[in-house]
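Report on the structure
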Amino acid sequence: VLPWRRAYATALNEQDVLIYPVTRLPDREASFTWLVPLAQSPCYFYALAKRDDLGGVRSLADLERYTIAAVQGDATIPLLQEYGFDTSRIVSFRDGSGPLNVVQVLKGRADFFFEVPETIRVLEAELGLAAGTFRPVIALPRPLSFYLAARRDVSPILESRLREAVSGLGLPTY
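A few points on the structure.

Conventions adopted
Residues numbered from 1 in each chain as written. Predicted model: local features only at pLDDT ≥ 70, side-chain atom pairs only at ≥ 80, totals over all residues. Heavy atoms only, no water. Helix = DSSP H or I, 4+ residues; strand = E, 2+ residues; numbered from the N terminus. Buried < 20%, exposed > 50% of the residue type's maximum accessible area, 1.4 Å probe, protein only. Contact = heavy atoms within 4.5 Å. Salt bridge = Lys/Arg side-chain N within 4 Å of Asp/Glu carboxyl O. Pairing = 2+ DSSP bridges. Axes fitted to C-alpha atoms, helices over the stretch in contact; angles between N-to-C directions.

1. Comments concerning the environment of P42
Residue placement: P42 occurs in the loop between β2 (32-41) and β3 (44-48). Judged by its relative accessible area of 34%, P42 is partly exposed. Those residues in contact with P42, other than ones at most four positions away along the chain, are V116, P117 and P143.

Shown next, in the form of structure tokens:
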């Protein structure tokens, strides 16, 4: 397992390297062959549950006066740009070990981080925090789709074998 930025760069630069889960975004569309849909989920901006001062956030526009933590190379920055968010309010961190975006909110260096609900309790447990330390404040307007992907010029043999192997699993399409 590699840190996200390195895994992403490896998948982009080396043939027949698979990466998952990678968020399918317009700016990534031409870079990958989207092999297997894995999941679709709403995504939320999370804040510390004890932050009572964030109650007025009702839209993405309301987030403009706050800071968002993002790991460089993940989906957060391109998604926020897609929605017209002022990128000067994004506090980005180099990829490293652990959920750096979450830690930065804990340390008060950012107000929000971006995550899917399926992983929030895992992150809290990983950091030794009580369940409910973070709360969802606002969702993105549309859910995100996560895929197993490979570089655009993936070997046709690998692609065929992989698609054949998963064809009987009854996976959803997005």
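Once you've had a look at it, read on.
2. Here we look at the environment of D62
By the secondary structure assignment, D62 is in the loop between β3 and β4 (68-71). Remark: the alpha-carbon pair of D62 and I138, spanning 76 residues in sequence, is separated by 9.9 Å. Setting aside residues up to four positions removed in sequence, D62 forms contacts with G56 and V57.

3. Focus on the pattern of salt bridges
Using the criterion set out here, one finds seven salt bridges in the structure. The closest approach of N and O atoms between R151 and D153, which form a salt bridge, is 2.6 Å. Classification of D153 as partly exposed rests on a relative accessible area of 36%. The partner of R163 in a salt bridge is E159, with the nearest N and O atoms 3.0 Å apart.

4. Some remarks on the sheet that holds strand β8 (residues 144-151)
Read from one edge to the other, the open sheet built from three strands follows the order β1-β8-β2, with strand pairing classed as antiparallel. Whereas interior strands pair on both sides, the edge strands pair on one side only; in this sheet they are β1 (18-23) and β2. Neighbour-to-neighbour, the strand axes of the sheet open up by a mean angle of 25°, direction not taken into account. As judged from the eight bridges shared by β2 and β8, these two strands associate in the antiparallel manner.

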